[in-house]
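Residue-level structural notes
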Amino acid sequence: MRPPVLAVFLSLAVLMPKLGNAQAYNLPTPSPQVTAANALWRINGEPVFFEGDFYYPAGPTVFFDGNVMYRSGVYRGVPLYVDATLTPGSYVYVPIGGNVMRPYDRKRYGELAGTTGSRTPSFPIQRDVELSLSGGAVGVYPPAFEPAEPPVEPEGIQAPAPAPMVGTFRASGTFTTAAGGSVPSAPSSVARTPPSHIESIPAPRSNAGIWVEFNGGRWYSAGAAVPHFEDRFVQIGDYRGFPVYRLRNGSSNEIWIPAVTDGPLAPYRR
């Protein structure tokens with residue numbers, strides 16, 4: 001009897017899986033294939049609607065990290081990503097080309113007025129009293145005040161209309177009343193003083209225009225702003241916190257600086 005029992009135990013030991021060696025692997029999130037590089041709403045700086053609220057572009061761009069970022073939504077056909085290491089509901093990331101991600105921040109108002117999320121808010125915190133003064137306009141800072149209505153003037157005292165005068169006009173220009181009195185008529189012509197000569201404010205003698213100081217030289221505004229495309233411009237420096245670009249294979253006598261943060265680029269020439 002013992003040999004068959006031993007064979008059964010050996011069979012069970014061989015067939016049972018090794019549970020102690022089981023492992024789980026977390027694969028990184030794939031890089032985004034669809035981006036908002038040429039989307040007009042992204043170029044114009046419009047907010048994105050995500051999880052019931054609006055998020056606005058804020059802060060510098062970052063590179064995609066598949067180990068902490070994962071896809072959490074879609075806005076106008078473009079996938080939206082969140083960072084698992086940050087507080088939920090504070091930032092959402094929009095791919096704008098290659099592995100570059102544009103962070104969008106949520107304004108702190110209402111229930112979020114006393115919170116900061118994982119980082120310092122990019123926009124001023126709006127308190128409830130400011131929200132009430134702004135007429136309930138969400139996200140408006142500073143609050144918009146309605147102009148006060150003009151005071152109501154008291155009704156003027158209505159004086160009785162004078163009784164019409166009865167009489168006759170004479171050729172001499174005198175009006176004779178029925179009671180025998182006379183009233184001189186208004187002169188036919190009134191001497192007028194000719195207006196004196198008025199000189200306007202002198203026009204400016206020169207116009208230096210709009211210019212910036214960069215790399216030891218003065219660069220002047222040279223046209224209208226254009227959208228920023230990653231494959232068209234290359235960054236060559238900074239001007240007071242704003243990136244300075246140059247056209248790829250373009251002239252060294254021309255630079256491009258955004259008019260507003262992450263906005264269109266305006267040309268300047270030296």
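Per chain, residues are indexed from 1 in the order of the written sequence. Reporting in this predicted model follows two pLDDT cut-offs: at least 70 for local features of residues, and 80 or more for side-chain atom pairs to be given and counted; totals over whole chains, interfaces and linings ignore these cut-offs and use all residues. Only hydrogens and water are set aside when side-chain values are computed; all heavy atoms of the structure are taken into account.

With that out of the way, let us pick up the nonpolar core. For soluble globular proteins, the rule of thumb is that nonpolar side chains tend to be buried together. Counting 13 residues, the largest nonpolar core has Trp41, Val48, Val92, Val94 and Tyr104 as the members making the most contacts within it. Labels follow the DSSP assignment, with helices taken as runs of H or I lasting at least four residues and strands as runs of E lasting at least two, numbered in each case from the N terminus. Of all the elements, strand 5 (residues 78-83) adds the most residues to this core, at three residues. We call two residues contacting when some pair of their heavy atoms lies within 4.5 Å. Not counting residues up to four positions away in its chain, the partners in contact with valine 94 are Ala36, Trp41, Val48, Val78, Leu80, Val100, Met101, Arg102 and Tyr104. Throughout this description, the term nonpolar core refers to a set of buried Ala, Val, Leu, Ile, Met, Phe, Trp, Tyr and Cys residues connected via side-chain atoms within 4.5 Å. Throughout this description, buried means an accessible area under 20% of the type-specific maximum (1.4 Å probe, protein chains only), exposed means over 50%, and partly exposed covers the range between.

What follows concerns unusual backbone geometry. Leaving glycine aside, a negative phi is the common case for residues, and trans is the common case for peptide bonds. Positive phi outside glycine occurs at glutamate 51, with the angle close to 50 degrees. Its location among the elements puts glutamate 51 in the loop between strand 1 (48-50) and strand 2 (53-57). Using a relative accessible area of 59% as the deciding quantity, one classes glutamate 51 as exposed. Positive phi, close to 60 degrees, is recorded for asparagine 249, a residue that is not glycine. Along the chain, the position of asparagine 249 falls in the loop between strand 14 (242-247) and strand 15 (254-258). The class of asparagine 249 is exposed, set by a relative accessible area of 86%.

What follows deals with the pairing of strand 7 (residues 100-106). In terms of burial, strand 7 is largely enclosed, as six of its seven residues are buried. The pairing criterion for strands is at least two bridges between them, as found by DSSP. Where strand 2 and strand 7 come together, three bridges link them in antiparallel fashion. Across the sheet, tyrosine 55 pairs through a bridge with arginine 106, a residue of strand 7. Bridge analysis of strand 3 (residues 62-63) against strand 7 gives two bridges, and the strand direction is antiparallel. Residue pairing across strands places phenylalanine 63 opposite valine 100, the latter belonging to strand 7. Relative to strand 7, strand 6 (residues 91-97) runs antiparallel, the two sharing six bridges.

Moving on, we get to the confidence of the model for the protein chain. In this model, the protein chain carries a mean pLDDT of 74, and residues with pLDDT of at least 70 account for 53%. Residue-level confidence of the predictor is summarised by pLDDT, bounded by 0 at the bottom and 100 at the top. Note that pLDDT drops below 50 for residues 136-148; the model gives that stretch 18 contacts with residues more than four away or on any other chain.

Moving on, we come to the packing of aromatic side chains. Aromatic pairs are defined between Phe, Tyr and Trp rings, using the six-membered ring for Trp, whenever the two ring centres lie within 6.5 Å; interplanar angles under 30 degrees are classed as stacked, those over 60 as edge-to-face, and all others as tilted. With the rule as written, the count across this model stands at six aromatic pairs. On the numbers, 5.7 Å between centres and 70 degrees between planes, the contact of phenylalanine 50 with tyrosine 55 is edge-to-face. Under the relative-accessibility criterion, tyrosine 55 is labelled buried at 1%. Relative to tyrosine 81, the ring of phenylalanine 64 lies with its centre 5.5 Å away and its plane at 75 degrees, an arrangement referred to as edge-to-face. Linking phenylalanine 64 in the loop between strand 3 and strand 4 (69-75) with tyrosine 81 in strand 5, this pair joins segments that are 17 residues apart in sequence. Tyrosine 81 shares its class with phenylalanine 64; the two are buried. For a ring to carry a charge above it, either NZ of a lysine or CZ of an arginine must fall within 6 Å of the ring centroid while also lying within 35 degrees of the normal to the ring plane. Looking at lysine 107, its charged tip hangs above the ring of tyrosine 56, at a distance of 4.2 Å from the centre.

Before going further, it helps to spend a moment on the pattern of salt bridges. Each salt bridge in this description consists of a side-chain nitrogen of Lys or Arg and a carboxyl oxygen of Asp or Glu lying within 4 Å of one another. A full pass over the atoms with the stated rule returns five salt bridges. Across the pair aspartate 262 and arginine 102 runs a salt bridge whose closest N-O atoms are separated by 1.7 Å. Linking aspartate 262 in the loop between strand 15 and strand 16 (265-269) with arginine 102 in strand 7, this pair joins segments that are 160 residues apart in sequence. Among the residues examined, arginine 102 registers a relative accessible area of 4% and is labelled buried.

Once that is clear, we can look at the environment of threonine 261. Its location among the elements puts threonine 261 in the loop between strand 15 and strand 16. When the C-alpha positions of threonine 261 and proline 57 are compared, they lie 9.1 Å apart, and in sequence the two are 204 residues distant.

Residue position: arginine 42 is located in helix 2 (residues 40-43). An unpaired buried charge is present at arginine 42: no salt bridge exists, and glutamate 230, the closest side chain of opposite charge, is 5.8 Å distant. Other than its neighbours up to four places away in sequence, arginine 42 contacts Ala36, Ala37, Ile96, Tyr104 and His228. Counting rule for charge: Lys and Arg are taken as positive, Asp and Glu as negative, and neither His nor the chain ends is counted.

Okay, the environment of proline 32 next. Inspection of the secondary structure assignment puts proline 32 in the loop between helix 1 (2-15) and helix 2. On the accessibility criterion, proline 32 (8% relative accessible area) is buried. Separated by 65 residues in sequence, proline 32 and glycine 97 place their C-alpha atoms 8.9 Å apart. Residues within four places of proline 32 in sequence aside, it is in contact with Phe64, Tyr81, Pro95 and Met101.

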